[in-house]
Structures are given as structure tokens and as C-alpha cells.
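The residues making up each chain are set out below.
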Amino acid sequence: MQRFFRHYDRFQVYQVKSLLDEAGIPCFVKNELVQGAIGEIPPMDSEPEVWLQDPSWAAKANQIVDAFKAEQAAISADNKNDWACRECGQISEYQFAICWQCQAPRSVVEE
Ligand SMILES: [Zn+2]
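Residues numbered from 1 in each chain as written. Predicted model: local features only at pLDDT ≥ 70, side-chain atom pairs only at ≥ 80, totals over all residues. Heavy atoms only, no water.

Draft legend 1. Examining the sheet that holds strand S3 (residues 49–52) more closely. Taken together, 3 strands build an open sheet; the order of strands is S1-S3-S2 and the sheet is antiparallel. Bordering the open sheet on either side are strand S1 (2–6) and strand S2 (27–30), each of which pairs with just one other strand. The sheet shows a mean angle of 30° between the axes of neighbouring strands, taken without regard to direction. Of the strand pairs in this sheet, S2 and S3 are connected by 4 bridges, and their pairing is antiparallel. Looking at the pairing, cysteine 27 lines up with leucine 52 of S3. Helix-sheet contacts for helix H1 (residues 10–22) involve S1, S2 and S3, and the interaxial angle to S2 is about 165°. Where helix H2 (residues 58–78) meets the sheet, its contacts fall on S1 and S3, and the angle it forms with S1 comes to roughly 0°. (Pairing = 2+ DSSP bridges. Helix = DSSP H or I, 4+ residues; strand = E, 2+ residues; numbered from the N terminus. Axes fitted to C-alpha atoms, helices over the stretch in contact; angles between N-to-C directions. Contact = heavy atoms within 4.5 Å.)

Draft legend 2. Inspection of the pattern of salt bridges at higher detail. Taken as a whole and judged by the stated rule, the model has 4 salt bridges. With a shortest N-O distance of 3.2 Å, arginine 3 and glutamate 49 are connected by a salt bridge. One end of the pair, arginine 3, is in strand S1; the other, glutamate 49, is in strand S3, with 46 residues separating them in the sequence. Overall, arginine 3 belongs to the partly exposed group, its relative accessible area being 45%. Residue glutamate 49 is classed as buried on the basis of its relative accessible area, which comes to 4%. Between arginine 6 and glutamate 49 there is a salt bridge, with its nearest N and O atoms 3.4 Å apart. A residue pair is termed long-range when its members are at least 10 positions apart, and arginine 6 in strand S1 and glutamate 49 in strand S3 qualify at 43 residues. (Salt bridge = Lys/Arg side-chain N within 4 Å of Asp/Glu carboxyl O. Buried < 20%, exposed > 50% of the residue type's maximum accessible area, 1.4 Å probe, protein only.)

Draft legend 3. Representation of the coordination of the zinc ion. Protein coordination at the zinc ion comes from Cys85 (SG), Cys88 (SG), Cys99 (SG) and Cys102 (SG), with a distance range of 2.3 Å. Read from N- to C-terminus, the donor residues coordinating the zinc ion fall into the pattern C-x2-C-x10-C-x2-C. Of this pair, cysteine 88 sits in the loop between strand S4 (83–84) and strand S5 (91–92) while cysteine 102 sits in the segment after S5, placing them 14 residues apart in sequence. Its relative accessible area of 35% is what places cysteine 88 among the partly exposed residues. (Donors = N, O, S within 2.8 Å, 3.2 Å for Na, K, Ca; no water.)

Written as C-alpha cells, this is what we have:
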């Protein structure tokens, strides 16, 4: 067995786990039940981890995680773009969910 991935955000750990599951790579999550109080940062050694049953899957698993990380980075970069209102064309900053000029909800502009 081999520790493969760890992250303080258990959501990401489970995302990785389910991607590996989909790819048919045998794996399991450790430390999933160790959690401090809300708002408390758990110690490093209790972060949830994904382990591979068999280290020979590591190369394939790494490809999957690299793609996952690239996707995450793209999403967060995307969310930091200012956006143009589909109704009035007004440019709003990324943190606003509605157009400040006409209150239309933010929507993805198809290019
Ligand atoms: Zn607008």
C-alpha cells in the first residue's frame, strides 16, 4: 500500500478518491474520521489521505490527479475573471453574483 494524496480539504480528497474509483484503481481514504472542532485546523498528520492498494497504479493515478489539479486551477482562475452582463453589457467584478447596474444574475457568456 502507498500513500498517494493528502489534502486538508476532505472534499478534494474524496474527489480524488472517486476519480480513482472511476478509473478502476483500488484505493481507500485514511484519516477520514479524524476531525477537530469546526474552525480548528487539524494537525498535519490527521489530514485525510488517499492510499493506493497497490503502488503499481501510482503512474496512472498521478496522471488523473494532475488532470484534476489542472482543472481545479482553471476553475479558480475562471472564477476570478470580471464578467460582462448578458442583459446590459456592464462589466462586473468577479465577486459579484448579480449585475450592479441592472441586477441580472451572473451567467456564463457563451463565446
Ligand atoms: Zn446588467
